[in-house]
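# Reading the structure
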2 protein chains.
Amino acid sequence: MPDAEAVRHWMGFDLGGTKMLAQVYDDNWNVLAKERKRIHPGTGAKGGVDRILETIHDALKKANLTPKDLHGIGIGCPGPIEMSKGLLLALPNLGWQGVPLKERLEESLGCPVAVLNDVDAGIYAEYRKGAGQGARCVIGVFAGTGIGGGCVYQGEILRGSTASCFEIGHIQVMSNGPRCGCGQRGCLESVSSRLAIAAQCARAAYRGDAPHLLEASGTDIAKIRSGALKGSIDAGDEVVDTIIKEAARYIGIAVGSVVNLVSPDVVVLGGGLVEAMPDLFVTQVAKAANKRVMPAYRDQFKVVPAALKDDAGVLGAALWAEFTLQPRHKNS
Amino acid sequence: MPDAEAVRHWMGFDLGGTKMLAQVYDDNWNVLAKERKRIHPGTGAKGGVDRILETIHDALKKANLTPKDLHGIGIGCPGPIEMSKGLLLALPNLGWQGVPLKERLEESLGCPVAVLNDVDAGIYAEYRKGAGQGARCVIGVFAGTGIGGGCVYQGEILRGSTASCFEIGHIQVMSNGPRCGCGQRGCLESVSSRLAIAAQCARAAYRGDAPHLLEASGTDIAKIRSGALKGSIDAGDEVVDTIIKEAARYIGIAVGSVVNLVSPDVVVLGGGLVEAMPDLFVTQVAKAANKRVMPAYRDQFKVVPAALKDDAGVLGAALWAEFTLQPRHKNS
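Here the residue numbering is sequential within each chain, running from 1 through the sequence in written order. To label them, take the chains in the order written and letter them from A, then take the ligands in the order written and number them from 1. The predicted nature of this model means local features are confined to residues of pLDDT at least 70 and side-chain atom pairs, given and counted, to a pLDDT of 80 or more, with totals for whole chains, interfaces and linings taken over all residues. Where side-chain values are given, they derive from all heavy atoms of the structure, hydrogens and water being excluded.

What follows deals with the overall build of chain A. Helix and strand counts for chain A stand at eleven helices and 13 strands. Atoms considered for the radius of gyration are the C-alpha atoms alone. The globule rule reads 2.2 Å times the number of residues to the power 0.38. Relative to its length of 332 residues, chain A is compact, with a C-alpha radius of gyration of 21 Å against a globular reference of 20 Å. Judged by the C-alpha coordinates and their principal axes, chain A covers about 70 × 45 × 35 Å. Evaluated residue by residue, chain A yields a buried proportion of 58% over its 332 residues. Any pair of residues with heavy atoms lying within 4.5 Å of one another is described as a contacting pair. Put simply, 63% of the contacts in chain A that link residues at least 6 apart link residues at least 24 apart. Computed with a 1.4 Å probe, the accessible areas rest on the Shrake-Rupley method; for each residue, only the protein chains presented here act as cover. Within the structure as shown, chain A displays about 13400 Å² of accessible surface, and the carbon and sulfur contribution to it stands at 49%. A helix here means a DSSP run of H or I that spans at least four residues, while a strand means a run of E at least two residues long, and both kinds are numbered starting from the N terminus. Categorising residues by exposure relies on relative accessible area from a 1.4 Å probe, with only protein chains included: less than 20% of the type maximum marks a residue as buried, more than 50% marks it as exposed, and the intermediate range marks it as partly exposed.

Following this line, the structure appears as structure tokens:
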């Protein structure tokens, strides 16, 4: 029956390290309903999947829909994914390993599910609806607590042999650099993430070289947020400005190496650090990257701030579901 | 007429820094004829294109063919290419700039021409007929006088926004490393190319630490070839072994960063250095790369030596022409 096909609904889902968010979209990508829940720690993958289902059902209830009304659900997860199987390989923060998320959710809901990495979801949203629209090749660098990356190449998320890829935070930028969470040394993330910047600024604050930061945030790196860093620069802490520009320069060096490899049209910068200081990051990264790249690529790519904010990940997951899932027939 | 279509001929062409090679293939990729010529220095792009045409005509003559008998010609060039236009952007060694090679040759020959980077041609040949057959994603690292790279992703050469790409020799592996020919510091090529290795070994030879190398090749880095390096290791020059293993380790670090980005199925190692010491390079690169990559990619890619030798570039150019050019109708 035609009217059953009239409105196509999609759901985007963002699985975070501590909370989850589901959003229901109509076919114009308007948000009809959203539901946010905390993840109960210690309940394992089984408890986590149950909590995901609960969140999906509650979001649908708010929109007066059932799983049958969805063409599909896209789920962004903060870990490596085997996309073809919808397998979540690992979620280090929650201790999950090898969770067949697509299979479990499709069994329970009877509706198609696409699973992807959350950073890939964010850059895919920028490609479809944000700062990378229409680009043949767009890469994203998201600098916050860590540094994530993604690439959309000729309309599709670039994917690895057995897992999602484009881990720009883990290319080496300093031969004997700081230890990184991944176990290596000198990864971009170990040099330029908010945590890496906060560690340097905390030392400066402790020494008395960043008095405004010290007053605002103290020397606990967990409390030195991107907004506080920006505030202390504005208040006159020159050393904070120097530290952040140096970190941005390393992002530019990494971007330069990546440009020498894949030569994108657009480089989108996002994440908490960039949102707090977009001009600083765009300027420094573009400068360092252009200095670093081979002549054939110089000034052949744009560096731009992300256009979408918080909801990029959940929107991108829904958009990817639309792109990658064959819409099912409602009356079948 | 059907018999005019019976045999489809293709030509591969390899434009080198000092010489050029044309090969005519039948539809089973048997070589029917080949022609090699030196490039006359100082004749510029105009003289160079004329020389290319001369070489093509002479190769065809040897095979008793005319341009009308070719479905297409693939031309590999040692510089950045705008593939969609067949534009050779620059050939630094010969001082050529912005040569519309496809247009010029098609005008003169009346036969379709595809222009690509010579390293891309080599890795494409490995994908079609060599060590990377059937791989979803294969990357090539060719270490000789310089270090070139290429990537075949889902059946096609990965291409940049306005030029050929995957310049793995110019990703940074040492923060304040040696000066590179590209103008930057610490590029892989500046650390691990034959020239970089020869420069270190020449110093060791001069100091008396590599007596066999000194006897065989002296201290002129232009004369320290890959075979001589291998010979001096076999004769007992331990320092040469150490220097080359260290250089191979840096290739592994670069490959590790690239695996973190594109997560290939196969990494093909080639070039003069690798041909002289395949086991050393495969072992060291695989070890360093696996140490460097994130857990999700560990042991998820094979490192193998190139299967094709000298003719990979010219064969790959012909194969790419077959893949990318619409076969024309002979009787049109």
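Residue and element names in this part refer to chain A. Two cysteine sulfur atoms form a disulfide, by the criterion used here, when they sit within 2.5 Å. Counted according to the given criterion, the structure contains zero disulfides over all chains. Just so you know, Cys-151 is unpaired, no disulfide at all, and the nearest cysteine sulfur is the one on Cys-137, 4.0 Å from it. Residue classification places Cys-151 among the buried positions, given a relative accessible area of 2%. With no disulfide partner, Cys-165 has as its closest neighbouring cysteine sulfur the one in Cys-151, 7.8 Å distant.

Take the relation of the copies chain A and chain B next. Note on the identical chains: chain A maps onto chain B by a rotation of 180 degrees and an axial translation of 0.0 Å, with an RMSD of 0.0 Å. Taken together, the rotation angle and the small translation identify this as a two-fold axis. Judged by C-alpha distance, Ser-175 of chain A is the residue of chain A that lies nearest the rotation axis, at 3.0 Å. A share of 100% of interface residues in chain A that are also interface residues in chain B marks the association as one of identical surfaces. Least squares is the method used to superpose the copies, on C-alpha atoms of residues holding a pLDDT of at least 70 in both.

Once that is clear, we can look at the interface of chain A and chain B. Contact residues are listed per partner, giving 42 residues for chain A and 42 residues for chain B. Of the roughly 3500 Å² buried between chain A and chain B on both sides combined, carbon and sulfur atoms contribute 51%. Any Lys or Arg side-chain nitrogen located within 4 Å of an Asp or Glu carboxyl oxygen qualifies as a salt bridge. Remark: the boundary between chain A and chain B carries zero salt bridges. Any pair of nitrogen or oxygen atoms within 3.5 Å is treated as a polar contact; in protein, a donor-acceptor pairing is required on top of that, and neighbouring residues in sequence qualify only through side-chain atoms on both sides. The interface formed by chain A and chain B includes 29 residue pairs in polar contact (both at pLDDT 80 or more). Of the residues forming the side of chain A that touches chain B, the biggest block, six residues, is contributed by helix α8 (residues 238-262) of chain A. Under this grouping Gly is polar, as are all residues other than the nonpolar Ala, Val, Leu, Ile, Met, Phe, Trp, Tyr, Cys and Pro and the charged Asp, Glu, Lys and Arg. Classifying every residue of the side of chain A that touches chain B by side-chain character gives 21 nonpolar, 13 polar and eight charged. By buried area we mean the combined loss of accessible area, with a 1.4 Å probe, across both parts when two parts are placed together.

A word on the pattern of salt bridges. Residues and elements named next belong to chain A. Evaluation of the coordinates by the stated rule reveals 32 salt bridges over all chains. Note that Glu-35 is salt-bridged to Lys-37, the shortest N-O span being 3.1 Å. On the basis of relative accessible area, Lys-37 is assigned to the buried category, the value being 12%. Each member of the salt-bridge network shares a partner with another, and the members are Glu-35, Lys-37, Asp-58, Lys-61 and Lys-62.

Turning our eyes to something else, we now look at helix α2 (residues 101-109) of chain A. Residue and element names in this part refer to chain A. Taken residue by residue, α2 has Leu-101, Leu-105 and Leu-109 as its buried positions. Looking straight down α2, one finds that the buried residues subtend no more than 35 degrees of arc, so they occupy a single side. Backbone geometry just after α2 places Gly-110 at a positive phi near 70 degrees. Directions pointing from the helix axis toward each C-beta atom define the arc.

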